[in-house]
Amino acid sequence: MKDSAFIKYFDYDKIKGELIVRNRKEGDFIYPKGLNGKKKIKDLFIDSKIPKDKRDEIPLVALGKEILWVYNIRDTKNYKIDENTKMY
């Protein structure tokens, strides 16, 4: 499976809890590909030069405070499908 601008695939068996689509909340974070550790969503928006008035309009796929996908901006390195993935 290949991700696209509108579709992201995640390893279902790695996800423990309920995924929801929502807007940002205080304390949200992501483990972005290419970086060690996590990054606050607030900082991701600042680094991506997203205007303040647009930040609440961007949908997020969330597992609690951990964000798996910031639509059209960044996705997590966690939960990606790999050779051991059985369901996505």
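First, a word on scope: everything that follows refers to the structure included in this document. (Residues numbered from 1 in each chain as written. Predicted model: local features only at pLDDT ≥ 70, side-chain atom pairs only at ≥ 80, totals over all residues. Heavy atoms only, no water.)

So, about the overall build of the chain. In terms of regular secondary structure, the chain is built from one helix and six strands. Walking the chain from its N terminus toward its C terminus, one meets helices and strands in the order β-β-β-α-β-β-β. Computed over C-alpha atoms, the radius of gyration of the chain comes to 13 Å, within 12% of the 12 Å expected from 2.2 N^0.38 for 88 residues, which places it in the range of a compact globule. Taken along the three principal axes of its C-alpha coordinates, the chain extends 40 × 25 × 25 Å. Counting all 88 residues of the chain, 33% fall into the buried class. Long-range contacts, defined as pairs at least 24 residues apart, comprise 69% of the intrachain contacts of the chain with a sequence gap of at least 6. With the model as given, the accessible surface of the chain reaches about 6100 Å², and the carbon-plus-sulfur share is 52%. In the chain, which carries 21 positive and 15 negative side-chain charges, the distance between the mean positions of the two groups comes to 4 Å. (Helix = DSSP H or I, 4+ residues; strand = E, 2+ residues; numbered from the N terminus. Rg over C-alpha atoms; globule rule 2.2 N^0.38 Å. Buried < 20%, exposed > 50% of the residue type's maximum accessible area, 1.4 Å probe, protein only. Contact = heavy atoms within 4.5 Å. Areas by Shrake-Rupley, 256 points an atom, 1.4 Å probe, with all protein chains shown as cover. Lys, Arg positive; Asp, Glu negative; His and termini not counted. Charge placed at Lys NZ, Arg CZ, Asp CG, Glu CD.)

This part is about the environment of Asp11. Relative to the helices and strands, Asp11 is located in the segment before strand S1 (20-22). When the C-alpha atoms of Asp11 and Ile81 are compared, they prove to be 4.8 Å apart, with 70 residues separating the residues in sequence.

Looking at the element boundaries, Leu60 is found in strand S4 (residues 60-63). Ignoring any residue separated from it by four or fewer positions in sequence, one finds Leu60 in contact with Ile20, Val21, Arg22, Asn23, Arg24, Asp28, Phe45, Ile67, Trp69 and Val70.

Turning to the pattern of salt bridges, a few remarks are in order. A complete count under the given rule lists seven salt bridges for this structure. One salt bridge in this structure joins Asp3 and Lys80, with 2.9 Å as the shortest N-O distance. Linking Asp3 in the segment before S1 with Lys80 in the segment after strand S6 (74-75), this pair joins segments that are 77 residues apart in sequence. Since its relative accessible area comes to 17%, Lys80 is described here as buried. Between Lys39 and Asp47 there is a salt bridge whose closest N-O contact spans 2.6 Å. Look at the salt bridges and you will find they share partners, linking Asp3, Lys33, Asp75 and Lys80 into a network. (Salt bridge = Lys/Arg side-chain N within 4 Å of Asp/Glu carboxyl O.)

Successive side chains on a regular strand alternate, one facing one side of the sheet and the next facing the other. A two-sided burial pattern is seen for S4, the buried positions comprising Leu60 and Ala62 on one face and Val61 and Leu63 on the other. Here three bridges tie S1 to S4, and the two strands are oriented antiparallel to one another. When the sheet's bridge partners are listed, Ile20 is paired in S4 with Ala62. In this structure, S4 lies alongside strand S5 (residues 66-70), joined through four bridges in antiparallel fashion. Bridging across to S5, Leu60 finds its partner in Val70. Remark: two residues form the turn of the hairpin made by S4 and S5, two consecutive strands paired antiparallel; Gly64 in that turn has positive phi of roughly 70°. (Pairing = 2+ DSSP bridges.)

Geometric descriptors of this kind do not, in isolation, establish any biological role.
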